Amino acid sequence: MTMATRDLEQLYVATKTLECARKKCVPCGYKIVVHARGDDTVLNQRPELCPRFKAAVDSTPVFPLVETQMKVLLVHDDGLALTSVLKGYLSDPHHLSIATAVPKAQIVKACPDATKRIKKLELQGVKFHFEADVASLSEYGQFDRVIWNFVESATSSTLGPFFASVGTALAPNGQVHLTTKTPGVVAVAAAHGLVHVGSLVFDRSFCPSYKVPYSDCDTFVFEAKATGTASTAAFPDTVPVTATLVDAIVSTCLAKSNHDTTKLTKAAMKKARLALLQKKKQTVDVPYEKEYFDLMNLKPKGKKHKVKRKQEYEANQEGKERPSKRVLPHRMENGKRKKGW
């Protein structure tokens, strides 16, 4: 098996994610391992196939590193996907602010429904800052968490102004959360005085309603000053990810020997599909069908009912004189059939 290098330095995983992976959940196993290719490992699966994902669809979203009473600033959430979810998670929507460099007209042009969504969020207390300058985030207040998800580029030109100003926008013990799969953000943050206190494996199962472009990433946590190495206090309900843990996940959760990888034949797949359709087909068993339709004044439909009604009609005609099939002559007037006949 060949495995790409996984940066395990100060990397943590949520306890629920690890427990799910140990129960042979393939998506959760790949969230920890990320890269596992070989003849003895199963292929990765969609995150929606995680049992916790299905169970949490209708439940309240959870953000492991954000508490409900905190003040949060979202950076560049142009699609409002995280804004809508986080607004319902925080105890007070007035604690949520959004800063984006994109003009409001451009967001509305990309999504015509955004006008109503923005207006509704503003009425609920969410603050929007369009055409915001990330180099002066302190103008918008002091925040416990500054979140920027799915950073595509880790260059100094992109993140330099952000890291240079975000320290002044942090409240005491505040943190900066960057979700990305580019570990180069650590070096850029260090160049501007921010300290990397740890990273958390991104798990979408905590918030299924949050639509994301990809899920094989980590949330990098930064603080304005050094607080020593990351501890369980900074990352509650988490477990450090070590090389031993990764090897254990690969050998147990992702091993083909622990999964049923037999492929069904076409005949078996067709039989299973027909059985599923038969199960979904709803049948109504009415003991006194004719009396029920007569009582409810319903008109039966379908070929079965037509045949049944024809048989009933023929049974009622027994012993009766059949109507003649002779065609009566038409009454003519001036060489044409008279109206009314």
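Keep in mind it's a predicted model, so treat the numbers as computed, not measured.

A.B. asks: Just give me the short version of the sheet that holds strand β5 (residues 143-149), but keep the residues and values in it.
C.D. replies: Read from one edge to the other, the open sheet built from 9 strands follows the order β4-β3-β2-β5-β6-β8-β7-β1-β9, with strand pairing classed as mixed. Here the strands that pair on one side only, and so sit at the sheet edges, are β4 (127-129) and β9 (238-240). With strand direction ignored, the average angle separating the axes of adjacent strands in the sheet is 25 degrees. One ladder, built from 3 bridges, connects strand β3 (residues 96-99) with β4; its direction is parallel. Looking across to β4, one finds that Ala99 is bridged to His129.

A.B. asks: Which residues make up the pairing of strand β7 (residues 195-201), and what values do they have?
C.D. replies: Where burial is concerned, most of β7 is hidden: 6 out of the 7 residues are buried. By the bridge criterion, 2 bridges tie strand β1 (residues 11-14) to β7 in an arrangement that is parallel. Bridging across to β7, Leu11 finds its partner in Ser199. The pairing of β7 with strand β8 (residues 218-223) spans 6 bridges and is antiparallel. Counted as the bridge partner of Ser199 is Phe220 from β8.

A.B. asks: Any details on the packing of aromatic side chains? Residues and values, ideally.
C.D. replies: For any pair of aromatic rings, the description consists of the separation of the ring centres together with the inter-plane angle of the planes. Within the structure shown, the criterion is met by 9 aromatic pairs. Relative to Tyr210, the ring of Phe150 has its centre 6.2 Å away and its plane inclined at 45 degrees; by these criteria the two rings are tilted. Taken together, the residues span a long stretch of sequence, with Phe150 in the loop between β5 and α7 (156-166) and Tyr210 in the loop between β7 and β8 at a distance of 60 residues. For the pair shown, Phe150 and Tyr210 are each scored as buried.

A.B. asks: Now, about helix α6 (residues 114-123): what can you tell me, with residues and values included?
C.D. replies: Of the positions making up α6, those classed as buried are Ala114, Ile118 and Leu121. For α6, the angular spread of buried residues about the axis comes to 65 degrees, placing them on one side. Facing away from the buried side of α6, by more than 90 degrees, are the exposed residues Lys116, Lys119, Lys120 and Leu123. Packed against the buried residues of α6 are α4 (81-89), α5 (104-110) and β4. Gly125 occupies a position one or two residues after α6 and carries a positive phi of about 115 degrees.

A.B. asks: Mind laying out the nonpolar core, listing which residues take part and the relevant values?
C.D. replies: Ranked by internal contacts, the top residues of the largest apolar core, which has 27 residues, are Phe63, Val72, Leu74, Leu86 and Leu96. Of all the secondary structure elements, the ones that give two or more residues to this core are β2 (72-75), α4, β3 and α6. The biggest single contributor to this core is α4, with 4 residues. When sequence neighbours within four positions are dropped, the list of residues in contact with Leu96 reads Val72, Leu74, Thr83, Leu86, Lys87, Leu90, Gly125, Val126 and Lys127. Of all hydrophobic cores here, the second largest spans 26 residues; its members include Leu159, Phe163, Val188 and Phe220.

A.B. asks: Could you give an account of unusual backbone geometry, with specific residues and numbers?
C.D. replies: Not every positive phi belongs to a glycine, and Leu80 is a case in point at roughly 60 degrees. Along the chain, Leu80 falls in the loop between β2 and α4. For Leu80, a relative accessible area of 3% gives the class buried.

A.B. asks: Describe in detail the pattern of salt bridges, supporting the description with residues and values.
C.D. replies: Between side chains of opposite charge, a pair can form when the charged atoms approach closely. Enumeration over the complete set of coordinates arrives at 5 salt bridges. A salt bridge links Glu48 to Arg204; the nearest nitrogen and oxygen atoms lie 3.2 Å apart. Placement of Glu48 in the loop between α2 (26-33) and α3 (51-55) and of Arg204 in the loop between β7 and β8 is noted, with a sequence separation of 156 residues between them. On the basis of relative accessibility, which here comes to 25%, the residue Glu48 falls in the partly exposed class. Between Lys181 and Asp216 there is a salt bridge; the shortest N-O distance is 3.9 Å. Note that Lys181 is positioned in the loop between β6 (170-180) and α8 (185-190) and Asp216 in the loop between β7 and β8, a separation of 35 residues in sequence.

Calculation rules
- Residues numbered from 1 in each chain as written.
- Predicted model: local features only at pLDDT ≥ 70, side-chain atom pairs only at ≥ 80, totals over all residues.
- Heavy atoms only, no water.
- Pairing = 2+ DSSP bridges.
- Helix = DSSP H or I, 4+ residues; strand = E, 2+ residues; numbered from the N terminus.
- Axes fitted to C-alpha atoms, helices over the stretch in contact; angles between N-to-C directions.
- Buried < 20%, exposed > 50% of the residue type's maximum accessible area, 1.4 Å probe, protein only.
- Phe/Tyr/Trp six-rings, centres within 6.5 Å; stacked < 30°, edge-to-face > 60°.
- Arc of directions from axis to C-beta.
- Contact = heavy atoms within 4.5 Å.
- Core = buried A, V, L, I, M, F, W, Y, C linked by side-chain atoms within 4.5 Å.
- Salt bridge = Lys/Arg side-chain N within 4 Å of Asp/Glu carboxyl O.

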